[in-house]
Amino acid sequence: MKAKMDSRRSYTKITTHVLQEMKLKGEKIAMLTAYDFSMAGILDAVGIDIILVGDSASNVMAGHTTTLPITLDEMIYHGSSVMRAVKRALVVVDLPFGTYQGNSIEALHSAIRIMKESGANAIKIEGGEEVIGSVKRILSAGIPVMGHLGLMPQSIHKFGTYVVRATEKDEADKLIKDARLLESAGCFAIVLEKIPAKLAAKVTKEIKIPTIGIGAGSGVDGQVLVLHDMLGITTEFSPRFLRRYHNLNEEIQGSVTAYIDDVKSQDFPNEREQY
Ligand code: KIV
């Protein structure tokens, strides 16, 4: 039964239609972030469904404290690096802060630049009603759009904190309304970040497009994590929803320490490692 429900065997290329089919069949969607050629190639080779070139690159690649500083050019650089490695996964690139909120024409130009210059398959936008004009205009140009509701890191200065969102009725009601709005506009999926599991499950039941959760419990259609967090490259960020699959930070430190020791002691290179 499980073998039949595994996209790694069923699909040679993931498209937005495949994701819709997976939701209908009840097969969970696996999504991770990647920002460079080498990592994207590894993720693609083992069958990840979606690679998100997230604006979290601002934090984990560039060392900023928020996602706000990353530019459209930088997102295109990361997106095109990922695209050169990927054969099977669907690649989604985040529209960075300040490139779509102003007006829908500017949003369309930003989305077109990402699609043309990186070769990505889709873009992601944070927000509901506030950005629906931009979402519709981008969709009308034939560009697939993934929505993003709940905790929206680009609005951190408005929220003031990264705590769980939509715990109060008003915000939960707005989130449900926004999800329906994004669905009826034509988005192909919605990321739900850091909201109560019950609310995420309710949204998932009420809309026909897939929901991808991060800190949104198990009642969603798929899961996403930031690659550097789940591999344990980053160490300071430890929210409850994060499952660490490795402690790569420690592994890398161990390898680099061994290399430094070998160089200092003149053990490296040895006879066989030279010409
Ligand atoms: O930028 C990002 O990595 C994201 C995920 C957290 C969903 O938007």
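As the structure is a computational prediction, the values presented were derived from the model and not from experiment. (Residues numbered from 1 in each chain as written. Predicted model: local features only at pLDDT ≥ 70, side-chain atom pairs only at ≥ 80, totals over all residues. Heavy atoms only, no water.)

Colleague: Can you lay out the domain arrangement of the protein for me, pointing to particular residues and giving the numbers?
Modeller: When the domains of the protein are assigned, the result is domain 1 (3-244) and domain 2 (248-275). Of note, the centres of domain 1 and domain 2, computed from C-alpha atoms alone, are 39 Å apart. (Domains from an automatic or database assignment.)

Colleague: Please set out the site of the ligand residue by residue, giving values where relevant.
Modeller: Around the ligand, a shell composed of Thr33, Leu52, Gly54, Asp55, Ser56, Asp94, Lys124, His148, Val191, Glu193, Ile214 and Val226 is seen. Within the contact set of the ligand, an oxygen atom lies 3.0 Å away from a side-chain nitrogen or oxygen of aspartate 55. Between the ligand and aspartate 94, the relevant distance is 3.2 Å, taken from an oxygen atom to a side-chain nitrogen or oxygen of the residue. For the ligand, whose free accessible area comes to 260 Å², the fraction covered by protein is 95%. Taken together, the residues that form the shell around the ligand break down as 4 nonpolar, 4 polar and 4 charged. (Near = heavy atom within 4 Å. Polar contact = N/O pair within 3.5 Å; in protein donor to acceptor, adjacent residues only side chain to side chain. Areas by Shrake-Rupley, 256 points an atom, 1.4 Å probe, with all protein chains shown as cover. Nonpolar A, V, L, I, M, F, W, Y, C, P; charged D, E, K, R; others polar.)

Colleague: Talk me through unusual backbone geometry; I want residue IDs and the actual numbers.
Modeller: The omega torsion across phenylalanine 268 and proline 269 is -5°, close enough to zero to call that bond cis. For proline 269, the position within the fold is in the segment after α12 (248-264). Unlike most non-glycine residues, alanine 166 shows phi in positive territory, near 60°. Positionally, alanine 166 belongs in the loop between α8 (156-159) and α9 (169-185). (Helix = DSSP H or I, 4+ residues; strand = E, 2+ residues; numbered from the N terminus.)

Colleague: Now, about the pattern of salt bridges: what can you tell me, with residues and values included?
Modeller: Under the definition given, this model contains 14 salt bridges. Residues aspartate 6 and arginine 9 are paired through a salt bridge, measuring 3.2 Å at the closest nitrogen-oxygen approach. Note on aspartate 6: relative accessible area 13%, which makes it buried. Between aspartate 49 and arginine 88 there is a salt bridge whose closest N-O contact spans 3.9 Å. Separated by 39 residues along the polypeptide, aspartate 49 in the loop between α3 (37-45) and β2 (50-53) and arginine 88 in the loop between α5 (72-83) and β3 (90-94) bring together distant segments of the chain. Taken as a pair, aspartate 49 and arginine 88 share a single burial class, namely buried. Via salt bridges that share partners, Asp6, Arg8 and Arg9 belong to a single interconnected network. (Salt bridge = Lys/Arg side-chain N within 4 Å of Asp/Glu carboxyl O. Buried < 20%, exposed > 50% of the residue type's maximum accessible area, 1.4 Å probe, protein only.)

Colleague: Tell me about the pairing of strand β8 (residues 222-225), and please be specific about residues and values.
Modeller: Bridge count for strand β1 (residues 29-33) against β8 is 4 bridges, and the pairing is parallel. Its bridge partner lying in β8, methionine 31 is registered against valine 224. The pairing of strand β7 (residues 211-214) with β8 spans 2 bridges and is classified as parallel. Its bridge partner being in β8, glycine 213 is matched across the sheet by glutamine 223. (Pairing = 2+ DSSP bridges.)

Colleague: Before we move on, can you summarise the packing of aromatic side chains with the specific residues and values?
Modeller: Geometrically, a pair of aromatic rings is defined through the distance of the ring centres and the angle of the planes. A complete count under the given rule lists 1 aromatic pair for this structure. In this structure, arginine 165 packs its charged tip against the face of phenylalanine 159, placed 3.9 Å from the ring centre. (Phe/Tyr/Trp six-rings, centres within 6.5 Å; stacked < 30°, edge-to-face > 60°. Lys NZ or Arg CZ within 6 Å of the ring centre and 35° of its normal.)

Colleague: Please provide a residue-by-residue account of the sheet that holds strand β5 (residues 145-150), values included.
Modeller: The 8 strands are arranged β1-β2-β3-β4-β5-β6-β7-β8 in a closed barrel whose pairing can be described as parallel. Across the sheet, the mean angle separating the axes of adjacent strands is 25° when strand polarity is ignored. Sheet analysis places strand β6 (residues 189-193) next to β7, joined by 4 bridges and oriented parallel. What sits directly across from glutamate 193, in β7, is isoleucine 214. Along the sheet, α9 makes contact with β5 and β6, crossing β5 at roughly 175°. (Axes fitted to C-alpha atoms, helices over the stretch in contact; angles between N-to-C directions. Contact = heavy atoms within 4.5 Å.)

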